[in-house]
Amino acid sequence: QGVFGLVPMAGLKALMRPIVDSVIPSVVSARGGATVTLLGSNFGLVDFGQRIFIGGQECDGTQWVSDTEMLCVGTPTVPPGDLLGSVGGAISRPGYSEPDLFPSLLRF
């Protein structure tokens with residue numbers, strides 16, 4: 001409940017960019033539908049409508065678990081003809097114009 005300047009610590013935490021350190025599992029089917037756990041930091045102290053994108057496509061659902069864990073429920077399907085391989089993703093936060101990108105940690 002501390003205060004940093006005039007910004008409550010909870011508010012300061014909301015300003016920090018999410019960081020994805022790992023995903024579990026690291027390999028999923030190109031047919032989609034898998035649940036992938038994102039582990040990292042700064043995912044938010046509460047669920048405020050964050051959305052996860054994998055390879056540019058939104059997951060069927062996003063479930064906030066904690067400040068260090070979120071779930072992509074229903075990975076997107078890789079369109080026929082697209083190359084399979086490692087893909088990165090993004091976390092979109094309401095009120096922010098640009099999504100926060102994460103590296104190619106997931107493989108189709």
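Just above, that's the structure.
Quick caveat, the model's predicted, so the values are computed rather than measured.

**Structural notes on the pattern of salt bridges**
This structure, assessed with the given rule, holds 3 salt bridges. Measuring nitrogen to oxygen at the nearest pair gives 3.0 Å for the salt bridge that ties Arg51 to Glu58. Measuring nitrogen to oxygen at the nearest pair gives 2.8 Å for the salt bridge that ties Asp100 to Arg93. By relative accessible area, Asp100 is classed as buried at 3%.

**Considerations on the environment of Gly44**
Structurally, Gly44 is set in the loop between strand S4 (35-41) and strand S5 (51-54). Among all residues touching Gly44, those that are not within four sequence positions of it are Gln50, Trp64, Ser66 and Asp67.

**Considering the sheet that holds strand S7 (residues 61-66)**
Strand pairing in a sheet takes place through backbone hydrogen bonds and is either antiparallel or parallel in direction. Read from one edge of the open sheet, 4 strands run S3-S4-S8-S7, paired in antiparallel fashion. The outermost strands of the open sheet, each flanked by one partner alone, are strand S3 (19-24) and S7. Sheet twist, expressed as the average angle between the axes of neighbouring strands with direction ignored, equals 25°. Direction of pairing for S7 relative to strand S8 (residues 69-73): antiparallel, over a ladder of 5 bridges.

The rules we used
- Residues numbered from 1 in each chain as written.
- Predicted model: local features only at pLDDT ≥ 70, side-chain atom pairs only at ≥ 80, totals over all residues.
- Heavy atoms only, no water.
- Salt bridge = Lys/Arg side-chain N within 4 Å of Asp/Glu carboxyl O.
- Buried < 20%, exposed > 50% of the residue type's maximum accessible area, 1.4 Å probe, protein only.
- Helix = DSSP H or I, 4+ residues; strand = E, 2+ residues; numbered from the N terminus.
- Contact = heavy atoms within 4.5 Å.
- Pairing = 2+ DSSP bridges.
- Axes fitted to C-alpha atoms, helices over the stretch in contact; angles between N-to-C directions.

Interpretation note: all reported values are geometric properties and have no functional meaning in isolation.
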